[in-house]
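Structural characterization, general
Now for the letters of each chain:
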Amino acid sequence: MSSASERLPQALLDAIAPRGVTRTFPAHAILINEGDTTDSLYIVLSGRVKVYASSEDGREVVLTEYGPGEYFGELAIDGEKRSASIKALGPCTCRVVQGTELRQFLVEQPEFAVHLTRKLIGMVRRLTDQVRSMALQDVYGRMVRVLTELSDPVGEERVMRNKLTQQDIADRVGASREMVNRVMKELTAGGYIGQRDGRMVILRKLPAAW
């Protein structure tokens, strides 16, 4: 998941807004396809999107998500093809800024260049953690990391911010849905997780190993 520090301050949002156009996308729309040669920057105004990579056989791994005030597509500044795909998780609205306008904005607004640099640093650190997790942790360890990242503490429990299917979790940990299902059943039977208002709740601290 992205962090609050990746949201554009209101002053920068106001400054870049006149340079783009507002577009609305339905749920599950593909905003960017991996391999595209477009160079637009997208600023999320409402809704959420997921960033993912996919294989030729249709398998996906989710890299991160973005919500209001956050942006994506900045890697196309270098003129190379898009390195990941972006899909709307629900109806969403974005401000779309063309590459030429974005490059001019970077020259005129050094604050945005600083913000972009910090975002890219955070992205590298997050992806490094994901690679380390994939290489050094088992499926259960990766599930604990993802469930913790996607939830907020409420008293002694942790509540997921959004509704997640087992396939959603599998896409984030690089495992099969069947493997996730098996672990989830065991955690439920052990009284570690439950459901409330359609969302998963971590009822007590998850064990270090399973």
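Everything numeric in this text was worked out from a predicted model, so none of it was measured. (Residues numbered from 1 in each chain as written. Predicted model: local features only at pLDDT ≥ 70, side-chain atom pairs only at ≥ 80, totals over all residues. Heavy atoms only, no water.)

1. Re the overall build of the protein
Here is the rule: To qualify as a helix, a DSSP run of H or I must reach at least 4 residues; to qualify as a strand, a run of E must reach at least 2; elements of each kind are numbered from the N terminus. Put simply, the radius of gyration uses C-alpha atoms, and a globule should come to 2.2 Å times the residue count raised to 0.38. Remark: exposure states derive from per-residue accessible area (1.4 Å probe, protein chains only) relative to the maximum for the residue type, with buried under 20%, exposed over 50%, and partly exposed in between. It only takes one pair of heavy atoms within 4.5 Å for two residues to be counted as in contact. Surface accessibility follows the Shrake-Rupley procedure with a 1.4 Å probe radius. Residue values consider only the protein chains on display as shielding. Charge convention: Lys and Arg are scored as positive, Asp and Glu as negative, and His as well as the terminal groups of each chain are ignored. Charged side chains are reduced to one point each, which is NZ for Lys, CZ for Arg, CG for Asp and CD for Glu.
A tally of helices and strands in the protein yields 6 helices and 12 strands. For the protein, the C-alpha radius of gyration of 18 Å lies close to 17 Å, the compact-globule estimate for 210 residues. For the protein, buried positions account for 41% of its 210 residues. Across the protein, contacts joining residues at least 24 apart in sequence account for 70% of those joining residues at least 6 apart. Just so you have it, the protein exposes about 11,300 Å², and 54% of that area is on carbon and sulfur atoms. Each charge sign in the protein was given a centre, from 29 positive and 27 negative side chains, and these centres are 4 Å apart.

2. Looking at the confidence of the model for the protein
Worth spelling out the cut-off: Each residue carries a pLDDT score, the predictor's own confidence in it, on a scale running from 0 to 100.
Model confidence for the protein is summarised by a mean pLDDT of 89, while 97% of its residues fall at 70 or above. In the model of the protein, helix α3 (residues 110-136) stands out as the element of lowest mean pLDDT, 85, in contrast to strand β1 (residues 21-25), which has the highest, 97.

3. Side note on the packing of aromatic side chains
Formally: Between the rings of Phe, Tyr and Trp (Trp by its six-membered ring), a pair exists once the centres lie within 6.5 Å; its type follows the angle of the planes, with under 30 degrees stacked, over 60 edge-to-face, and the other angles tilted. Think of it as a cone above the ring: NZ of Lys or CZ of Arg counts as a charge over the ring if it is within 6 Å of the ring centre and within 35 degrees of the ring normal.
Following the criterion strictly, the structure yields 5 aromatic pairs and no others. Clustering of aromatic rings is evident, with ring pairs tying together Phe25, Tyr42, Tyr66 and Phe72. Of note, Lys119 hangs over the ring of Tyr71, and the distance from its end group to the ring centre comes to 4.2 Å. The ring of Tyr192 carries Arg204 above its face, with NZ or CZ at 4.0 Å from the centroid.

4. Observations concerning the environment of Leu89
Here Leu89 is to be found in the loop between β7 (85-88) and β8 (92-97). Residue class for Leu89 comes out partly exposed when judged on its relative accessible area of 36%. The sequence separation of Leu89 and Asn33 amounts to 56 residues, and the corresponding C-alpha distance is 15 Å. Contacts of Leu89, omitting those with residues within four sequence positions, involve Ala27, His28, Arg48, Val49, Lys50 and Glu65.

5. Examining the pairing of β8
We count it as follows: The pairing criterion is simple: DSSP has to find at least two bridges between the two strands.
Of all 6 residues in β8, 6 are buried; the element is thus mostly enclosed. What you see with β8 is no split at all: Cys92, Cys94 and Val96 on one side and Thr93, Arg95 and Val97 on the other are buried throughout. Bridging between strand β3 (residues 41-46) and β8 involves 5 bridges; their strand directions are antiparallel. Paired with Ile43 across the two strands is Arg95, which belongs to β8.

6. Quick word on the packing of helix α5 (residues 166-173) against helix α6 (residues 177-189)
Note the threshold: Lines fitted to C-alpha atoms define the axes, with helix axes restricted to the stretch in contact, and inter-axis angles between N-to-C directions lie between 0 and 180 degrees. With respect to orientation, any angle under 35 degrees is reported as roughly parallel, any angle over 145 as roughly antiparallel, any angle of 65 to 115 as roughly perpendicular, and every other angle as oblique. Put simply, a crossing is left-handed when the front helix is turned counterclockwise from the back one by less than a right angle, and right-handed when it is turned clockwise. Lys, Arg, Asp and Glu make up the charged group, whereas Ala, Val, Leu, Ile, Met, Phe, Trp, Tyr, Cys and Pro make up the nonpolar group; the residues left over, Gly among them, are polar.
Two elements in contact, α5 and α6, have axes whose closest approach is 8 Å; the angle formed by their N-to-C orientations is 110°. Judged by the inter-axis angle, α5 sits roughly perpendicular to α6. The two elements α5 and α6 meet at a crossing, and its hand is right-handed. Two secondary-structure elements touch here, α5 through Gln166, Gln167, Ile169, Ala170 and Val173 and α6 through Arg177, Val180, Asn181 and Met184. Grouping the constituent residues of the contact of α5 with α6 by class yields 5 nonpolar, 3 polar and 1 charged.

7. Points about the sheet that holds strand β11 (residues 193-196)
As a general point, the strands of a sheet are linked pairwise by backbone hydrogen bonds and lie either parallel or antiparallel. The 4 strands lie next to each other as β9-β10-β12-β11, forming an open sheet whose pairing is antiparallel. At either margin of the open sheet sits one strand with a lone partner, and together these are β9 (151-154) and β11. Averaged over all pairs of adjacent strands, the angle between strand axes in this sheet comes to 30°, irrespective of strand direction. The pairing of strand β10 (residues 157-160) with strand β12 (residues 199-202) spans 2 bridges and is antiparallel. Among the inter-strand pairings, Val159 is bridged to a residue of β12, identified as Val201. Sitting on the sheet, helix α4 (residues 139-149) is in contact with β9, β10 and β12, with an inclination near 70° to β9.

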